[in-house]
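Examination of the molecular architecture
Each chain, written out:
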Amino acid sequence: MVLAAVCGATQALFGANDSTSAEIQSSVGVWGCMLYEHLASDNEYVLMRFDPVGTTHFARLSGDEFRGWAPVSGWTARRNRLSFTDSRIGREFEADLRRSSLGGKWKTETSSGGWWCARLDNALADSQNVESVNAKDVMPPLIPHAASTPFYPLRAIRQAKKGHATICFLVESTGVIVEPEFIELSDEIFRETTLRAVLASSYRGWAGEPAARPGCRTFDFELDPIG
Amino acid sequence: MSLIDDSVYCCLDAIIINMGNVLVSSLCMCLVTSVGWAQDEAAVDKFRTPGRIVLESGNQLLSAGSQALRAGAYDEGIRLTHLGLEQSGISAYQRTAALSNLCGAYAAKKAPDAAIEYCSQSLEIDNNNWRAFSNRAYAHWLKGMHTEAASDLEAAAAINPSAGEIEQIRGLINQSTLQPRVNVEDRQ
């Protein structure tokens, strides 16, 4: 666990993104995913299933329970980039398969955001199983235990640089944050301080399954005139 | 025409800034006031005698003053520069450079009022001297006069946009006039 965290942090810190240094993963299987939207505070939970034959299915939440699997589109993976569309609302998803977990950005004609997933038990690929599962069993609520705020890099202040960063990660059942990945980073100057803050944070753990769930954190670096 | 850049000096001013609990050694403030003692061929010829070329054709006191300043001996550099300025036959170029040097020296000594006075005198002679503008910007910053500092810095940048010192002083001004804020939003 510690090794995974260190490796993930090292990759995130130095922006390792080439196929020689990062693991290329297969998207096939069942994933518990959270979706966030820019300029919106609400997040969305959905189960995603990528079948070997190239089809994508979503199981959406209804109250505390998931509805059965519904097809959304085919998926394609070219040059380590996964893409598919939620045909119901025209949301186009893309993911860099070299990242430590599945996720990336999404967009429609009028909005955009990001998504991040944790792999779930393939037994959930069965519709009957997914309909009987409670949302909290696959996506337990994340309650902050220790939250660290990044310091504003002095170099950025001196260069009058504002910016933002979004890091997504997995939270293990112990509450420890592992495998951080930058989904958005406006300037490299904010990379290290953001990553340090995320890795210095933790959540309350939970008992039982799942072994990990996804989470993301967005940082906006602002400069206000004094006086 | 040749330019001998014999007296570029740099005062190092390390500022340790405590931001949060992290000590950031941030700044090597290089307040450069260089004096390129101009020597045109005619001027050099005056010092040529058969079998001998006198390389030092400028005001020796000003040269010694600038060297002392470059070495960080500000009081001695200021004394020599003042003496040099009292010599006869100083060109307008030498005078403006020497005044700018005095400005830089007083700024390095954290005496911004004197620095501003000498920079202003230098700029009265030649208002195209970016170092005088940049030194005065630094002196204004020392006094907390950020608007004036920014104005001088813009003037310096308009003359020499690629000067690194200008970016350093702009950084100081930004640091004094901008309040950082980080908003964190959990997405879960």
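Throughout, a residue's number is its position along its own chain's written sequence, starting from 1. For this description, chains carry letters from A and ligands carry numbers from 1, given in the order in which they are written. This being a predicted model, a pLDDT of at least 70 is required before a residue's local features are given, and a value of 80 or more before pairs of side-chain atoms are given or counted; all residues contribute to the totals for chains, interfaces and linings. Side-chain numbers come from the whole structure's heavy atoms, not from hydrogens or water.

**Quick notes on the domain arrangement of chain A**
Residues and elements named next belong to chain A. What marks off one domain from the next here is an automatic or database domain assignment. Per the domain assignment, the segments of chain A are domain 1 (2-138) and domain 2 (144-221). The interface of domain 1 with domain 2 comprises 25 residues on the first partner and 22 residues on the second. Computed with a 1.4 Å rolling probe, the buried area is the accessible surface lost when two parts are put together, summed over both parts. Summed over both partners, the interface of domain 1 with domain 2 comes to about 1900 Å²; 64% of that surface belongs to carbon and sulfur atoms. By convention in these notes, a salt bridge is any Lys or Arg side-chain nitrogen within 4 Å of a carboxyl oxygen on Asp or Glu. Joining domain 1 to domain 2, the criterion identifies zero salt bridges. In what follows, a contact means two residues having at least one pair of non-hydrogen atoms within 4.5 Å.

**Digging into the packing of helix 3 (residues 74-86) of chain B against helix 4 (residues 92-108) of chain B**
All names here are of chain B. An axis is simply a line fitted to the C-alpha atoms; with a helix, the fit covers only the stretch in contact. Between two such axes, the angle follows the N-to-C directions and lies from 0 to 180 degrees. Here a helix means four or more residues in a row that DSSP labels H or I, a strand means two or more in a row labelled E, and each is numbered from the N terminus. Contact geometry of helix 3 with helix 4 gives a least axis separation of 10 Å together with a crossing angle of 155°. In terms of orientation, helix 3 lies roughly antiparallel with respect to helix 4. By crossing handedness, the relation of helix 3 to helix 4 is classed as left-handed. Residues Tyr74, Ile78, Thr81, His82 and Leu85 of helix 3 form the contact with helix 4, whose participating residues are Arg95, Ala98, Leu99, Leu102, Ala105, Tyr106 and Ala108. Side-chain classes are defined by residue name, with Ala, Val, Leu, Ile, Met, Phe, Trp, Tyr, Cys and Pro counting as nonpolar, Asp, Glu, Lys and Arg as charged, and the others, Gly among them, as polar. Classifying every residue of the contact of helix 3 with helix 4 gives nine nonpolar, two polar and one charged. Roughly parallel means an angle under 35 degrees; roughly antiparallel means over 145; roughly perpendicular covers 65 to 115; every other angle is labelled oblique. Two helices crossing with the near one rotated counterclockwise from the far one by less than a right angle form a left-handed crossing, whereas a clockwise rotation gives a right-handed crossing.

**Topic: the interface of chain A and chain B**
Every contact between the two is made by 33 residues of chain A and, on the other side, 25 residues of chain B. At the boundary of chain A with chain B, total buried surface from both sides reaches about 2600 Å², with 54% on carbon and sulfur atoms. Between the two partners, chain A and chain B, sit two salt bridges. Across the salt bridge formed by Asp224 of chain A and Arg181 of chain B, the nearest N and O atoms sit 2.8 Å from each other. We call two N or O atoms a polar contact when they sit within 3.5 Å, provided that within protein one can donate a hydrogen and the other can accept it, with sequence-adjacent residues counted only if both atoms are side-chain atoms. Our enumeration of links across chain A and chain B arrives at 15 residue pairs in polar contact (both at pLDDT 80 or more). Only strand 1 (29-37), strand 2 (43-50), helix 4 (154-158) and strand 14 (212-225) of chain A provide two or more residues apiece to the side of chain A that touches chain B. At 12 residues, strand 14 of chain A tops the list of elements feeding residues into the side of chain A that touches chain B. Of the residues assigned to the side of chain A that touches chain B, the class counts are 20 nonpolar, six polar and seven charged.

**Concerning the pattern of salt bridges**
Residue and element names in this part refer to chain A. Overall, the coordinates contain 18 salt bridges over all chains when judged by the stated rule. Among the ionic pairs, Arg98 bridges to Asp96, the shortest N-O distance being 3.1 Å. This pair shows no difference in class: Arg98 is buried, exactly as Asp96 is. Only protein chains enter the calculation, and the probe is 1.4 Å; a residue is then buried if its accessible area is under 20% of its type maximum, exposed if over 50%, and partly exposed in between.

**Overview of the sheet that holds strand 11 (residues 163-172) of chain A**
The pairing of strands in a sheet comes from backbone hydrogen bonds and takes either a parallel or an antiparallel form. Ordered in space as 12(A)-11(A)-14(A)-7(B), the four strands form an open sheet in which the pairing is antiparallel. Sheet topology places strand 12 (177-185) of chain A together with strand 7 (178-187) of chain B at the edges, where each strand pairs with a single neighbour. Sheet twist, expressed as the average angle between the axes of neighbouring strands with direction ignored, equals 20°. Strand direction decides the pairing type here: strand 11 of chain A and strand 14 of chain A, joined by 10 bridges, are antiparallel. Counted as the bridge partner of Val171 of chain A is Arg213 of chain A from strand 14 of chain A. Strands in contact with helix 5 (residues 191-199) of chain A are strand 11, strand 12 and strand 14 of chain A; relative to strand 12 of chain A, the strand with the most contacts, it is inclined by about 145°. Should DSSP find at least two bridges between two strands, the strands are taken to pair.

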